[in-house]
Amino acid sequence: MSRVEIRDLSKRYGSVVALNKVSLSLADGEFFGLLGPSGSGKTTLLRSIAGFVEPEAGQILIDGADVSRISTHRRDLGMVFQHYALFPHMSVFDNVAFPLSVRRNGKTEIKKRVEEMLELVQLGGYGQRRPRQLSGGQQQRVALARALVSNPRVLLLDEPLGALDKNLRQQMQVELRQIQREVGITTVFVTHDQEEALTLSDRIAIFREGVVEQAGEPGEVYERPRTPFAAAFLGATNFIPGRVAGRNGSAGTVVLGDGQRLHTLDPLPAEGTAVTVTVRPEKFTLHVGSRPPLDEDGAANCLAAEIVQPIYMGASITYRVKAGEIELTLFHQNRESRIEPPGSRAWLSWAPKHSILLDAPVSKPSG
Ligand code: ADP
Ligand code: MG
């Protein structure tokens, strides 16, 4: 169990900046997700921590000691990658025992430890099988057992579930997190799957072109994204362009292109400034037929809209609606078993706290 600190880490490949002054701090026992699109630098960071990539600048500290210049095997890490690199000609037992045999531990000690690890990943009794006699999920559990057998300080996982199909992947996510909690090992987990990152991680960092765009607890980054990229990467969202138009009680007001207004609790720049507000599709309440009453202080949000397209999803219905000049998406829980047809007059209401002001305008508002 260990703390990991990444300080101003930079790495180039020719003209490509794979990492640009990345700084992150992991607490002891934390499960930390690195999330971002393909090519954003996640693997480069993981391989730098592992010692396979030599960064040009910056430091990697484990428990306060700089390991940037020491060799991989002396960093005391466990690793699992997407494509399980088990030795095909060796039994499951020998695969898991491998890191210990290299260290010349005693035979009885090795046997005890390997069996413990196989129990941990629920493969007790599978020791004599060959990797090809196991399913993909089981092979990844063997890889995990091998990564943990020498009791490393930090576990590095690079899309370890990436090759598994969806059901197995979800089951393995739960197991992986249970095992990690049981062992209590500080873990860096790379994925490009936002749902996987949100459900598994204590904290996440969103990567974009070698830079950490935003880091924090899943709920914090999802509910309060700072940039359009972070907002869009963590799930569906709406971008609403407008201009700052003063205050209304405790809320700030933004006027949209068609003159409708919305309210936010976020601090706003000077009146007249172009801004972009984001609202997640599940925050809207849909009203059809008549306009809902506003809250007493008039600060609740309510936009008049027209339904453009309902998309039936079973448990929910996704509506594409048009509000003035902008198209919005909303998710509606399918309680009534009813689909509102295109062309229906509708109102969207939501609480001002769900109007999140973004750092950078998405596009120039036309209003
Ligand atoms: P991710 O894991 O987020 O998909 P990577 O860390 O693998 O991203 O890659 C970051 C960038 O560095 C990409 O543009 C990639 O093409 C480049 N890159 C990674 N490894 C190498 C390499 N060995 N040689 C040249 N370019 C590389
Ligand atoms: Mg990668």
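See the structure shown above.
Asker: Account for the site of ligand 1, with residues named and values stated.
Answerer: Lining the immediate surroundings of ligand 1 are Y13, V16, A18, P37, S38, G39, S40, G41, K42, T43 and T44. Contacts to ligand 1 include S40, whose backbone N or O atom sits 3.1 Å from an oxygen atom. Measuring from an oxygen atom of ligand 1, one finds a side-chain N or O atom of T44 at 2.5 Å. Burial of ligand 1 by the protein amounts to 58% of the accessible area it has alone, namely 560 Å². Breaking the shell around ligand 1 down by element, the ones donating at least two residues are β2 (16-26) and α1 (42-50). The element that contributes the greatest number of residues to the shell around ligand 1 is α1, accounting for 3 residues. Class assignment of the residues belonging to the shell around ligand 1 gives a composition of 4 nonpolar, 6 polar and 1 charged.

Asker: Run through the environment of L268, naming residues and quoting values.
Answerer: As for its position among the elements, L268 is in the loop between β13 (261-264) and β14 (274-279). Sequence separation of L268 and V244 is 24 residues, and the distance between their C-alpha atoms is 6.9 Å. When near neighbours in sequence (up to four residues on either side) are disregarded, L268 contacts V244, G246, G252, T253, V254 and L357.

Asker: Give me the side chain of S10: which residues, what numbers.
Answerer: Structurally, the position occupied by S10 is in strand β1 (residues 4-13). Within polar-contact distance, the side chain of S10 engages the backbone nitrogen of K21 at 2.9 Å. With residues near it in sequence (within four places) discarded, S10 still touches L19, N20, K21, P55, E56 and A57.

Asker: How would you explain the packing of aromatic side chains if you had to name every residue and give the values?
Answerer: In total, this model carries 4 aromatic pairs according to the counting rule given. Relative to F233, the ring of F229 has its centre 5.7 Å away and its plane inclined at 15 degrees; by these criteria the two rings are stacked. Of this pair, F229 and F233 both sit in helix α8 (residues 228-233), separated by 4 residues, roughly a single helical turn. Residue F233 is classed as buried on the basis of its relative accessible area of 15%.

Asker: Which residues make up the sheet that holds β1, and what values go with them?
Answerer: Pairing between sheet strands relies on hydrogen bonds along the backbone, with the strands arranged either parallel or antiparallel. Sheet architecture is open: 4 strands sit in the order β2-β1-β4-β5, paired in antiparallel fashion. Since the sheet does not close on itself, it has two edges, and those belong to β2 and β5 (65-66), each with one partner. Direction of pairing for strand β4 (residues 57-62) relative to β5: antiparallel, over a ladder of 2 bridges. Its bridge partner being in β5, L61 is matched across the sheet by D66.

Asker: Outline the pairing of strand β12 (residues 251-255), listing residues and values.
Answerer: For a regular strand, the rule is simple: side chains alternate between the two faces of the sheet. Counting buried residues along β12, 4 of its 5 residues qualify, which places the element largely inside the surrounding structure. Summarising the sheet, strand β11 (residues 238-248) and β12 pair through 4 bridges and their orientation is antiparallel. Residue pairing across strands places R243 opposite V255, the latter belonging to β12. Pairing analysis gives 4 bridges linking β12 to β13, with the strands arranged antiparallel. Note on β13: the bridge partner recorded for V255 is R261. If you look at the hairpin formed by β12 and β13, you'll find 5 residues sitting between the two strands, and G259 has a positive phi there, around 95 degrees.

Asker: Explain the pattern of salt bridges to me, and be specific about the residues and the numbers.
Answerer: Using the criterion set out here, one finds 17 salt bridges in the structure. Measuring nitrogen to oxygen at the nearest pair gives 3.0 Å for the salt bridge that ties R113 to E116. Note that R113 and E116 are positioned in helix α3 (residues 107-120) at a spacing of 3 residues, about one turn of the helix. Given a relative accessible area of 22%, R113 falls into the partly exposed group. With a closest N to O distance of 3.9 Å, K283 and E282 form a salt bridge.

Conventions adopted
- Residues numbered from 1 in each chain as written.
- Chains lettered and ligands numbered in written order.
- Predicted model: local features only at pLDDT ≥ 70, side-chain atom pairs only at ≥ 80, totals over all residues.
- Heavy atoms only, no water.
- Near = heavy atom within 4 Å.
- Polar contact = N/O pair within 3.5 Å; in protein donor to acceptor, adjacent residues only side chain to side chain.
- Areas by Shrake-Rupley, 256 points an atom, 1.4 Å probe, with all protein chains shown as cover.
- Helix = DSSP H or I, 4+ residues; strand = E, 2+ residues; numbered from the N terminus.
- Nonpolar A, V, L, I, M, F, W, Y, C, P; charged D, E, K, R; others polar.
- Contact = heavy atoms within 4.5 Å.
- Phe/Tyr/Trp six-rings, centres within 6.5 Å; stacked < 30°, edge-to-face > 60°.
- Buried < 20%, exposed > 50% of the residue type's maximum accessible area, 1.4 Å probe, protein only.
- Pairing = 2+ DSSP bridges.
- Salt bridge = Lys/Arg side-chain N within 4 Å of Asp/Glu carboxyl O.

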